[in-house]
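Observations on chain architecture
As a plain string of letters, each chain reads:
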Amino acid sequence: MAYLGLLIDTTKCIGCRGCQVACKQWNQLPAEPTTFKGTYQNHPDLTANNFTIVAYNEYEENGQLKWYFAKRQCMHCLDPACMKVCPRKAISRTETGAVVRDMTRCVGCQYCTYACPFHVPKYNAAIDKVTKCSLCANRVAEGLAPACVKACVTGALQFGKREELLALAKERVNSLLPSCPQANVYGETEVGGTNVLYVLADRPSKYGLPEDPKVSPVTIAWNDYIKPYGPWLIALTAAGSVLSFFTTRLMGAGKAAHEEEKLHG
Ligand code: SF4
Ligand code: SF4
C-alpha cells in the first residue's frame, strides 16, 4: 500500500493553531501548565499532552516582526530510529507508513526519546509512558484525514500519498524560488525521508528544524551491533559468572586443603 503523508506548506500557515486544538480534542489530551518565553508560541515545545504545536519562529526583518510558522509533530520517518531502539517492540509502522506506539507495551524506558533526531517523543511521568503523534492512525483507518488537516482553514495542511505530496511540494517550491531563493522541500531525503513533508520559504533552521538531522552513532551501534548480539552477550556474561563461581570455589577448596596439610604436617 502506498505510504500516506502530511504536507505542511509553511507559506500558507497563518499560525491560527486550529490544528493544535483539533489534535488535543481528537486525542482527548488534557490541558497542562505552560511557560511564557517571550513569544506568542504556546507551548514552548511538544509535550506528552501536546502532540503537535505551531512554532512561532520570530525574526526582525527590515524593522518589522516576521513569523516563520512551522507546525511540529512526529515526522513519521521512513526508517524510524525510535522504532529501532525500542526494546519492547512498542513502536511499529502501519501499512500506510504512520509510526505508532502500542501503549500497553511501552514501559517508559525513554530510549525512543533519546534516539529521535527531531526530539519528538515525550515522557509522561503520570502514566510512565512515552507519547507522540500517530498521524491519527485511528482516523486514517476509517478513511478520514488526520484531525489537524481537517481543521486547517488555509490549506496549509494536506494529507495524501507521499509521492503525490512530494510532487506538489516541489511544484510549490519552484513557484516560490524567484521570490524566495532559499525555498526548499524538507523531508524528502532527511534521515532517509519522512512521511511528513514541508514546503519552506527559507533555510530549515529559520523554522527551528534541524538543517541536517542525524540519528546518533550510539543508536546505530545499539541497533546494528549490540542488539543483534544481545542474547550472545548475555549468555557469555552468564557463562563467565558461572566459570568465575566454580573457579573461586575450587581455588578456595584447594587453599583449605593446603592449610589443612600444613597444620597436620
Ligand atoms: S520523528 Fe522521531 S518519533 Fe517520529 S518516527 Fe521519526 S524517530 Fe520516531
Ligand atoms: S490550522 Fe493551518 S493555518 Fe492554522 S496554524 Fe495549523 S497549519 Fe497553520
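See the structure above.
Read on for a plain summary of the structure. (Residues numbered from 1 in each chain as written. Chains lettered and ligands numbered in written order. Predicted model: local features only at pLDDT ≥ 70, side-chain atom pairs only at ≥ 80, totals over all residues. Heavy atoms only, no water.)

1. A word on the environment of Leu135
The following threshold applies: Only DSSP runs of H or I with at least four residues qualify as helices, and only runs of E with at least two residues qualify as strands; both kinds are numbered from the N terminus onward.
With respect to the helices and strands, the residue Leu135 is situated in the loop between strand S7 (129-131) and helix H4 (137-140). As for Leu135 and Gln73, which are separated by 62 residues in sequence, their C-alpha atoms are 8.8 Å apart.

2. What about the environment of Val140?
The cut-off we apply is this: Only protein chains enter the area calculation, which uses a 1.4 Å probe; residues under 20% of their type maximum are buried, those over 50% are exposed, and those in between are partly exposed. In what follows, a contact means two residues having at least one pair of non-hydrogen atoms within 4.5 Å.
For Val140, the location among the structural elements is in helix H4. Taking relative accessible area as the criterion, Val140 reaches 15% and is therefore assigned buried. The spacing of Val140 and Thr96 is 44 residues in sequence and 8.7 Å in space, taken between C-alpha atoms. Excluding its chain neighbours within four sequence positions, the residues that come into contact with Val140 are Leu4, Thr96, Leu135, Pro146 and Phe159.

3. Let's talk about the site of ligand 1
To be explicit about the condition: Residues are classed as near a molecule or strand on a simple rule: at least one heavy atom within 4 Å of it. Residues are grouped as follows: Ala, Val, Leu, Ile, Met, Phe, Trp, Tyr, Cys and Pro are nonpolar; Asp, Glu, Lys and Arg are charged; all remaining types, including Gly, are polar.
Not every one of the 13 residues close to ligand 1 is listed here, only the nearest: Cys74, Met75, Cys77, Cys82 and Cys116. Class assignment for the residues of the shell around ligand 1 results in eleven nonpolar, one polar and one charged.

4. Some words on the site of ligand 2
What surrounds ligand 2 is the set Cys13, Ile14, Gly15, Cys16, Arg17, Gly18, Cys19, Val54, Cys152, Thr154 and Leu157. The residue inventory of the shell around ligand 2, partitioned by class, reads seven nonpolar, three polar and one charged.

5. Description of helix H6 (residues 162-176)
In plain terms, the rule: Expected span of a helix: the number of residues minus one, times 1.5 Å. Starting at the helix axis, one direction is taken to each C-beta atom, and the arc is that of these directions.
Taking 1.5 Å as the rise per residue, H6 with 15 residues should run 21 Å; its terminal C-alpha atoms sit 21 Å apart, in good agreement. Of the residues making up H6, those classed as buried are Arg162, Leu165, Leu166, Ala169, Val173 and Leu176. Buried residues of H6 fall within an arc of 100 degrees about the axis and therefore sit on the same side. Opposite the buried face of H6, at more than 90 degrees from it, the exposed residues are Glu163, Glu171 and Asn174. If you follow the buried residues of H6, they end up packed against strand S1 (4-9), strand S8 (157-161), strand S9 (184-186) and strand S10 (196-200).

6. Side note on the environment of Met1
Tracing the chain through its elements places Met1 in the segment before S1. Note: C-alpha distance between Met1 and Lys161 (160 residues apart in sequence) is 9.8 Å. Leave out the neighbours within four places in its chain, and Met1 touches Glu95 and Thr96.

7. Some thoughts on the pairing of strand S3 (residues 64-72)
Heads up, the condition is: For two strands to be treated as a pair, DSSP must find no fewer than two bridges joining them.
Summarising the sheet, strand S2 (residues 53-61) and S3 pair through nine bridges and their orientation is antiparallel. Residue Ala55 lies in a different strand from S3, and its bridge partner there is Ala70. Connecting the antiparallel pair S2 and S3 is a turn made up of two residues, with Asn62 showing a positive phi of about 50 degrees.

8. Thoughts on the sheet that holds S8
We count it as follows: Note on geometry: axes are lines fitted to C-alpha atoms, helical ones only across the stretch in contact, with angles between N-to-C directions running from 0 to 180 degrees.
With respect to topology, four strands assemble into an open sheet ordered S8-S1-S10-S9, the strand pairing being mixed. Only two strands of the sheet have a single neighbouring strand rather than two, namely S8 and S9. Neighbouring strand axes in the sheet, compared pairwise and without regard to direction, differ in orientation by 25 degrees on average. As paired elements, S1 and S10 share four bridges and run parallel to each other. Residue Leu6 lies in a different strand from S10, and its bridge partner there is Val196. Strands in contact with H6 are S1, S8, S9 and S10; relative to S8, the strand with the most contacts, it is inclined by about 135 degrees.

9. Overview of the nonpolar core
Keep this limit in mind: Buried Ala, Val, Leu, Ile, Met, Phe, Trp, Tyr and Cys residues form a nonpolar core when they are joined through side-chain atoms within 4.5 Å.
Counting residues in hydrophobic clusters, the biggest one holds 34 residues, and the most contacted among them are Leu6, Met75, Phe118, Leu157, Tyr186, Tyr198 and Tyr207. If sequence neighbours within four positions are ignored, Tyr186 has contacts with Met75, Phe118, Val196, Leu197, Tyr198, Leu200, Pro204, Leu209, Pro210 and Pro213. Grouped together as the second largest cluster of nonpolar side chains are ten residues, Leu165, Leu166, Ala169 and Val199 included.

10. Quick notes on the side chain of Arg101
Cut-off, in case you're wondering: Here a polar contact means two N or O atoms within 3.5 Å. Within protein one must be a hydrogen donor candidate and the other an acceptor candidate, and residues neighboring in sequence count only if both atoms are side-chain atoms.
The topology assignment puts Arg101 in strand S5 (residues 99-101). A distance of 3.2 Å separates a polar side-chain atom of Arg101 from the backbone oxygen of Val130. Each residue touching Arg101, except ones within four places of it in the same chain, is listed here: Ala90, Ile91, Cys106, Cys112, Pro121, Val130, Thr131 and Lys132.

11. Focus: the packing of aromatic side chains
Put simply, the test is: Only centres within 6.5 Å qualify two rings of Phe, Tyr or Trp (six-membered ring in Trp) as a pair; their planes then separate them into stacked at under 30 degrees, edge-to-face at over 60, and tilted for everything else.
Enumeration over the complete set of coordinates arrives at seven aromatic pairs. The interplanar angle of 85 degrees and the centroid separation of 5.3 Å between the aromatic rings of Tyr68 and Tyr207 together place this pair among those described as edge-to-face. Of this pair, Tyr68 sits in strand S3 while Tyr207 is found in the loop between S10 and helix H7 (217-226), placing the two residues 139 residues apart along the sequence. For Tyr207, a relative accessible area of 3% corresponds to the buried category.

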